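Next come the chains, spelled out residue by residue.
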Amino acid sequence: MPASTSIAPRPGYPVQLLAVSGRALAQLVRSPSHSRRAEAARKLARHSLWLSAVGAALIIVLMAAFDQTEIQLMPTRGTPALWPIRILTDFGKDEYVLSVLGIALVVVALVAAGLHGTRRTLLLGLGTRLQYLFLSVALSVFVGEILKYLIGRGRPFVGGKPDPFNFIPFEGTGAYASLPSGHAITAFALAFAVSALWPRLRVFMFTYAIVILLTRLVLLAHHPSDVTAGALVGMVGAMAVRYWFAARRLAFAIRADGSIVPLPGPAGGRLKRVARGASAP
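Residues numbered from 1 in each chain as written. Predicted model: local features only at pLDDT ≥ 70, side-chain atom pairs only at ≥ 80, totals over all residues. Heavy atoms only, no water.

Quick look at the pattern of salt bridges
Reasoning step 1: According to the stated counting rule, one finds three salt bridges in the structure shown.
Reasoning step 2: Residue Arg153 pairs with Asp226 through a salt bridge whose shortest N-O separation is 2.7 Å. Separated by 73 residues along the polypeptide, Arg153 in the loop between α6 (117-151) and α7 (182-197) and Asp226 in helix α9 (residues 224-247) bring together distant segments of the chain.
Reasoning step 3: Judged by its relative accessible area of 0%, Arg153 falls in the buried class.
Reasoning step 4: The class of Asp226 is buried, set by a relative accessible area of 0%.
Reasoning step 5: Here the salt bridges do not stand alone but share partners, grouping Asp67, Arg153 and Asp226 into one network. (Salt bridge = Lys/Arg side-chain N within 4 Å of Asp/Glu carboxyl O. Helix = DSSP H or I, 4+ residues; strand = E, 2+ residues; numbered from the N terminus. Buried < 20%, exposed > 50% of the residue type's maximum accessible area, 1.4 Å probe, protein only.)

Structure, rendered in structure tokens:
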């Protein structure tokens with residue numbers, strides 16, 4: 001009689017979940033392997049320096065010539081009619097944005113652990129892109145919090161008057177955490193990151209970011225120079241994270257001239273089929 005062959009059982013779901021999570025984290029810290037990463041690094045440095053120089057000049061001009069005037073043009077803080085603006089501005093709050101992205105990452109890991117083959121690969125491709133979005137916002141916000149502490153700029157009317165030069169470095173309270181704007185950092189980091197992955201969404205995402213920026217001004221939470229600085233920090237942070245991913249061949253490719261472009265991602269229709277398959281009895 002022919003010898004019977006035994007088929008090794010598949011690892012259980014907890015083991016699969018640990019494996020999926022471990023690989024997702026490991027890919028972020030592996031050594032960069034892209035042959036064109038040096039060209040991309042030089043291009044990132046040029047663009048970051050140019051953007052920072054222009055942004056810094058604009059921030060100084062706004063601080064000296066426009067911040068105080070703009071504050072006086074805004075409605076009185078606490079005006080009841082501003083309640084829609086107060087709701088809208090929360091769409092740029094870093095805790096909310098990072099929570100949504102974090103939950104999406106957890107859901108992808110939980111579902112992918114129960115799949116195999118092409119369906120798992122498709123879902124993990126989406127997970128890599130969610131990692132990029134999450135880290136772009138998280139890194140930018142982290143840098144922004146350090147800058148807030150170091151700079152210690154007072155918010156509008158802190159101290160009783162609209163003084164754009166009210167600084168107490170290392171003060172560390174919310175009243176002196178005006179520069180840069182955290183909401184602007186979050187909104188522009190997310191806008192740049194989403195646009196980098198899905199260029200067709202660029203107009204929509206930057207419209208969203210500008211709206212969030214304007215809500216911070218109307219609510220007298222920030223000066224114009226604060227939101228400009230926040231937009232700068234958010235975009236440069238997302239650019240740096242994009243380079244990190246591209247150098248490891250994750251979600252992005254690098255062209256011969258150092259330009260970073262998105263790799264083709266999982267199509268929406270295929271992801272819907274994966275989701276239906278994962279939820280089927």
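Describing the packing of α6 against α9
Reasoning step 1: Running from amino to carboxyl end, α6 crosses α9 at an angle of 135 degrees, the nearest separation of the two axes being 8 Å. Accordingly, the angle class assigned to the pair α6 and α9 is oblique. The crossing of α6 and α9 is right-handed. Residues Thr128, Gln131, Tyr132, Leu135, Ser136, Leu139, Ser140, Val143, Gly144 and Leu147 of α6 form the contact with α9, whose participating residues are Val233, Gly234, Gly237, Ala238, Val241, Arg242 and Phe245.
Reasoning step 2: Per-class residue counts for the contact of α6 with α9 are nine nonpolar, seven polar and one charged. (Axes fitted to C-alpha atoms, helices over the stretch in contact; angles between N-to-C directions. Parallel < 35°, antiparallel > 145°, perpendicular 65-115°, else oblique. Left-handed = near helix turned anticlockwise from the far one by under 90°. Contact = heavy atoms within 4.5 Å. Nonpolar A, V, L, I, M, F, W, Y, C, P; charged D, E, K, R; others polar.)

Re the environment of Leu110
Reasoning step 1: Along the chain, Leu110 turns up in helix α5 (residues 94-112).
Reasoning step 2: Judged by relative accessible area, which is 40%, Leu110 ranks as partly exposed.

Remarks on the packing of helix α8 (residues 202-218) against α9
Helix packing geometry: the angle between the two helix axes and the distance between the axes.
Reasoning step 1: Packing of α8 against α9 leaves a shortest axis separation of 9 Å and a crossing angle of 150 degrees. As for the relative orientation of α8 and α9, their crossing is right-handed in sense. Contacts between α8 and α9 involve Phe206, Leu213, Arg216 and Leu217 from the first element and Pro224, Val227 and Met235 from the second.
Reasoning step 2: Broken down by class, the residue content of the contact of α8 with α9 amounts to six nonpolar, no polar and one charged.

Side note on unusual backbone geometry
Reasoning step 1: Each neighbour pair has its own omega, and for Leu179 with Pro180 the value is 0 degrees, a cis peptide bond.
Reasoning step 2: The phi dihedral of Leu220 is positive, around 55 degrees, even though this residue is not glycine.
Reasoning step 3: Examined against the element boundaries, Leu220 turns out to sit in the loop between α8 and α9.
Reasoning step 4: Residue classification places Leu220 among the buried positions, given a relative accessible area of 3%.

Focus: a nonpolar patch on the surface
Reasoning step 1: A cluster of nonpolar residues, Leu139, Phe142, Val143, Ile146, Tyr149, Leu150 and Phe170, forms a patch on the protein surface that exposes about 660 Å² of accessible area.
Reasoning step 2: Looking at where Ile146 falls in the secondary structure, it is placed in helix α6. (Patch = residues over 30% accessible without salt bridge, like charges linked within 9 Å, V, L, I, M, F, W, Y side chains within 5 Å. Areas by Shrake-Rupley, 256 points an atom, 1.4 Å probe, with all protein chains shown as cover.)

Here's the deal with the packing of aromatic side chains
Reasoning step 1: Enumeration over the complete set of coordinates arrives at four aromatic pairs.
Reasoning step 2: Where Tyr149 meets Phe170, the ring centres are 5.6 Å apart and the plane angle is 70 degrees; that geometry is what we call edge-to-face. In this pair, Tyr149 sits in helix α6 while Phe170 sits in the loop between α6 and α7, placing the two residues 21 residues apart along the sequence.
Reasoning step 3: The structure contains a cluster of three or more aromatic residues connected by ring pairs, namely Tyr132, Phe245 and Phe252. (Phe/Tyr/Trp six-rings, centres within 6.5 Å; stacked < 30°, edge-to-face > 60°.)

Points about the confidence of the model for the chain
Reasoning step 1: Taken as a whole, the chain shows an average pLDDT of 90; of its residues, 91% reach a score of 70 or greater.
Reasoning step 2: Of all the helices and strands in the chain, helix α10 (residues 268-279) carries the lowest mean pLDDT, 51, while α7 carries the highest, 98. (pLDDT = per-residue confidence, 0-100.)

Describing a positive patch on the surface
Reasoning step 1: Taken together, Arg30, Arg36, Arg37 and Arg249 make up a surface patch of like positive charges.
Reasoning step 2: When its relative accessible area of 32% is taken as the criterion, Arg37 is described as partly exposed. (Lys, Arg positive; Asp, Glu negative; His and termini not counted. Charge placed at Lys NZ, Arg CZ, Asp CG, Glu CD.)

A few points about α6
Reasoning step 1: Given a rise of 1.5 Å per residue, 35 residues ought to cover 51 Å, and the 51 Å separating the end C-alpha atoms of α6 matches this to within 8%.
Reasoning step 2: Two residues or fewer after α6 comes Gly152, characterised by a positive phi angle close to 60 degrees. (Expected span 1.5 Å × (residues − 1).)

Things to note about α7
Reasoning step 1: In a regular helix each residue adds 1.5 Å, so 16 residues correspond to 22 Å; α7 covers 23 Å between its end C-alpha atoms and thus fits that length.
Reasoning step 2: Capping the start of α7 is the job of one residue whose side-chain oxygen sits 3.2 Å from the backbone nitrogen of Ala184: Ser181. (Polar contact = N/O pair within 3.5 Å; in protein donor to acceptor, adjacent residues only side chain to side chain.)

As for the layout of surface pockets
Reasoning step 1: Empty space within the largest pocket amounts to approximately 420 Å³.
Reasoning step 2: If you tally residues by element for the lining of the largest pocket, the top one is helix α1 (residues 13-29), at eight residues. (1 Å grid on protein atoms, 1.4 Å probe; cavity = no way out; pocket = protein on both sides within 12 Å on 5 of 7 lines; lining within 4 Å. Points joined across faces, edges and corners; volume = space filled by probe spheres on them.)

Quick look at the nonpolar core
In globular proteins that are soluble, nonpolar side chains generally tend to be buried together.
Reasoning step 1: With 52 residues, the main nonpolar core has Tyr132, Leu133, Val137, Leu190, Tyr208 and Phe252 as its most contacted residues.
Reasoning step 2: The residues touching Leu133, leaving out its near neighbours within four places in the chain, are Leu101, Ala193, Val194, Leu197 and Trp198. (Core = buried A, V, L, I, M, F, W, Y, C linked by side-chain atoms within 4.5 Å.)

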